Amino acid sequence: MVTGLVTRGRGDTRRKHWVTRFNLSYSNNSVDWVFYKDASHLANKEFGGNADKQIKRYHYLHSPFIARFIRIHPVSWNNHIAIRAGLIGCPQTGECGPGFIRVTEATPCVENLAYKKETWLNNKRNLKRHIRNHWTHGHAQKAVDGQIGSSLHSCAILDNFYVDNPILMVDLGRRMNVEGIIIMTWQVSKEHNNGTRAYKDYMYNLDRLAVYVDSSPKVDDIRSRGVMCGYISRMNNALYKPKLRIPCQNSVKGRYVYIEAWGVPNRWSRLFSAILCEVMVYA
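Caption draft 1: Highlighting the overall build of the protein. Broken down by element type, the protein carries two helices and 16 strands. Out of the 283 residues in the protein, the part that is buried amounts to 41%. Across the protein, the fraction of contacts at a sequence separation of at least 24, relative to all contacts at a separation of at least 6, is 75%. Counting only carbon and sulfur atoms, one obtains 49% of the accessible surface of the protein, whose full area is about 16,200 Å².

Caption draft 2: Local environment of the pairing of strand β15 (residues 243-263). Bridging between strand β12 (residues 167-185) and β15 involves 13 bridges; their strand directions are antiparallel. The residue bridging Met 184 from the neighbouring strand is Lys 243, located in β15. As judged from the eight bridges shared by strand β13 (residues 206-214) and β15, these two strands associate in the antiparallel manner. Among the inter-strand pairings, Leu 206 is bridged to a residue of β15, identified as Gly 263.

Caption draft 3: Molecular detail of the packing of aromatic side chains. Inspection of the entire model under this criterion finds six aromatic pairs. Judged by centre distance (3.8 Å) and plane angle (10°), the rings of Tyr 26 and Phe 65 are stacked. Placement of the pair is Tyr 26 in strand β2 (residues 18-27) and Phe 65 in strand β5 (residues 57-65), with a sequence separation of 39 residues. Relative to Tyr 240, the ring of Tyr 204 lies with its centre 5.1 Å away and its plane at 55°, an arrangement referred to as tilted.

Caption draft 4: Inspection of the nonpolar core at higher detail. Ranked by internal contacts, the top residues of the largest apolar core, which has 36 residues, are Leu 168, Ile 183, Leu 209, Ile 259 and Leu 276. Elements with a minimum of two residues in this core: β11 (156-159), β12, β13, β14 (227-233), β15 and β16 (273-282). Not counting chain neighbours up to four residues away, the residues in contact with Leu 276 comprise Ala 143, Cys 155, Ala 156, Leu 158, Leu 168, Ile 183, Met 184, Leu 209 and Ile 259. Counting ten residues, the second-largest nonpolar core is a separate cluster that includes Leu 5, Tyr 26, Tyr 36 and Leu 61.

Caption draft 5: Geometry of the state of the cysteines. The final tally for this structure, using the stated rule, is three disulfides. Bridging Cys 96 to Cys 109, the disulfide has an S-S length of 2.0 Å. Note on the Cys 96 and Cys 109 pair: the S-S dihedral is about -90°, so by sign convention the disulfide is left-handed. Here the residue Cys 96 occupies a position in the loop between β7 (84-88) and β8 (100-102), and Cys 109 occupies one in strand β9 (residues 109-111), the gap between them amounting to 13 residues. Note on cysteine connectivity: Cys 229 is disulfide-linked to Cys 248, with sulfurs 2.0 Å apart. Its torsion about the S-S bond being -100°, the disulfide of Cys 229 and Cys 248 is classed as left-handed. Of this pair, Cys 229 sits in strand β14 while Cys 248 is found in strand β15, placing the two residues 19 residues apart along the sequence. Cys 229 sits in the buried class, given a relative accessible area of 0%. Numbered by order of appearance in the sequence, the disulfide-linked cysteines of the protein pair as 1-2, 3-6, 4-5.

Caption draft 6: Layout of the environment of Arg 245. By the element assignment, Arg 245 lies in strand β15. Along the sequence, Arg 245 and Met 184 sit 61 residues apart, while their C-alpha atoms lie 8.9 Å from each other. Those residues in contact with Arg 245 that sit more than four places away from it in its chain are Val 103, Thr 104, Ile 181, Ile 182 and Tyr 282. Side chain to side chain, Arg 245 and Tyr 282 meet in a polar contact 3.4 Å long.

Caption draft 7: The arrangement of the pattern of salt bridges in detail. Applying the stated criterion across every chain, the model contains six salt bridges. Note that Arg 10 is salt-bridged to Asp 12, the shortest N-O span being 2.7 Å. A relative accessible area of 25% means that Arg 10 is categorised as partly exposed. The exposure class of Asp 12 is exposed, given its relative accessible area of 62%. Across the pair Asp 214 and Arg 225 runs a salt bridge whose closest N-O atoms are separated by 3.1 Å. In this pair, Asp 214 is assigned in strand β13 and Arg 225 in the loop between β13 and β14, connecting sequence segments eleven residues apart. Taking relative accessible area as the criterion, Asp 214 reaches 8% and is therefore assigned buried. We classify Arg 225 as partly exposed; its relative accessible area is 45%.

Conventions adopted
- Residue indices follow the written sequence of each chain, beginning from 1 at its first position.
- Local features in this predicted model are restricted to residues of pLDDT 70 or higher, and side-chain atom pairs are both shown and tallied only at a pLDDT of 80 or more, whereas totals for entire chains, interfaces and linings draw on every residue.
- To obtain the side-chain values, all non-hydrogen atoms of the structure were included, while hydrogens and water were left out.
- Strands are runs of DSSP state E lasting at least 2 residues, helices are runs of H or I lasting at least 4, and numbering of each runs from the N terminus.
- Exposed residues in this analysis have more than 50% of their type's maximum accessible area, buried residues have under 20%, and partly exposed residues fall in between, with area computed by a 1.4 Å probe over protein chains only.
- It only takes one pair of heavy atoms within 4.5 Å for two residues to be counted as in contact.
- The method behind every accessible area is Shrake-Rupley, applied with a 1.4 Å probe, and residues are considered shielded solely by the protein chains displayed.
- Strands are treated as partners if at least two bridges between them are detected by DSSP.
- Pairing of aromatic rings covers Phe, Tyr and the six-membered ring of Trp, with a centre-to-centre limit of 6.5 Å; geometry is then stacked below 30 degrees between planes, edge-to-face above 60, and tilted otherwise.
- For the purposes of this section, nonpolar cores are sets of buried Ala, Val, Leu, Ile, Met, Phe, Trp, Tyr and Cys residues that join through side-chain atoms within 4.5 Å.
- The disulfide criterion is simple: two cysteine sulfur atoms within 2.5 Å.
- Here a polar contact is recorded for every N or O atom pair within 3.5 Å, except that within protein the pair must consist of a potential hydrogen donor and a potential acceptor, and residues adjacent in sequence are included only if both atoms are side-chain atoms.
- Whenever a carboxyl oxygen of Asp or Glu lies within 4 Å of a side-chain nitrogen of Lys or Arg, that contact is scored as a salt bridge.

Shown next as structure tokens:
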């Protein structure tokens, strides 16, 4: 079901190219085409296009239709025919499909840019042979596998056993705008045994999680070069909620998203852990 469309001008050059008026046609077999009509259902509807190359223009249809193929027919344009276009459908109800998330309960489903992407930890524990052979959970890939569970074995673990500030990096695959991230955290329950309760103690030494975006991979000192998206701290126990949403102060463009964990300063025990069951990035 197509309920509207959005258009913009040319985006790959500084030249001032955009479409100012256009018609719309649709088809279900790519052979028989029907033009979208105006309110009288007699003449082809002529849509007003853009007045510049940057501002999006939204067109909501009075008569939505179902189609597999869409054509945009430029009628007039500025300097040269150039258009970026997207279709608007029906709001998704119920749960989002694999690889999609809701930023809030009231927002539509959007793509999870981190879904099953490559990850990296700056933790050196995998280089320690006596730990590597007995390490059964905590791998970085667990944070982007799309499996949101309460088991510790389904989460990635950041700790400061071998680094001062552990970092999880997610490779988005290409440079793109990042508006924020959502983190699902591990919650301790009465059913967890004493082995996992040790992680609970370490979690309470966690002070904050900071999110950065950069164009270079595997940066250990991300604070000195990355652009900070935002952070969340232990103030008012915000850090220990099941779902953490960290919106960027401004849209940040980059390929790699970094999550850096900080411990509480000046405590007798300096060991801390951050347990991330799922990391989701949205634009």
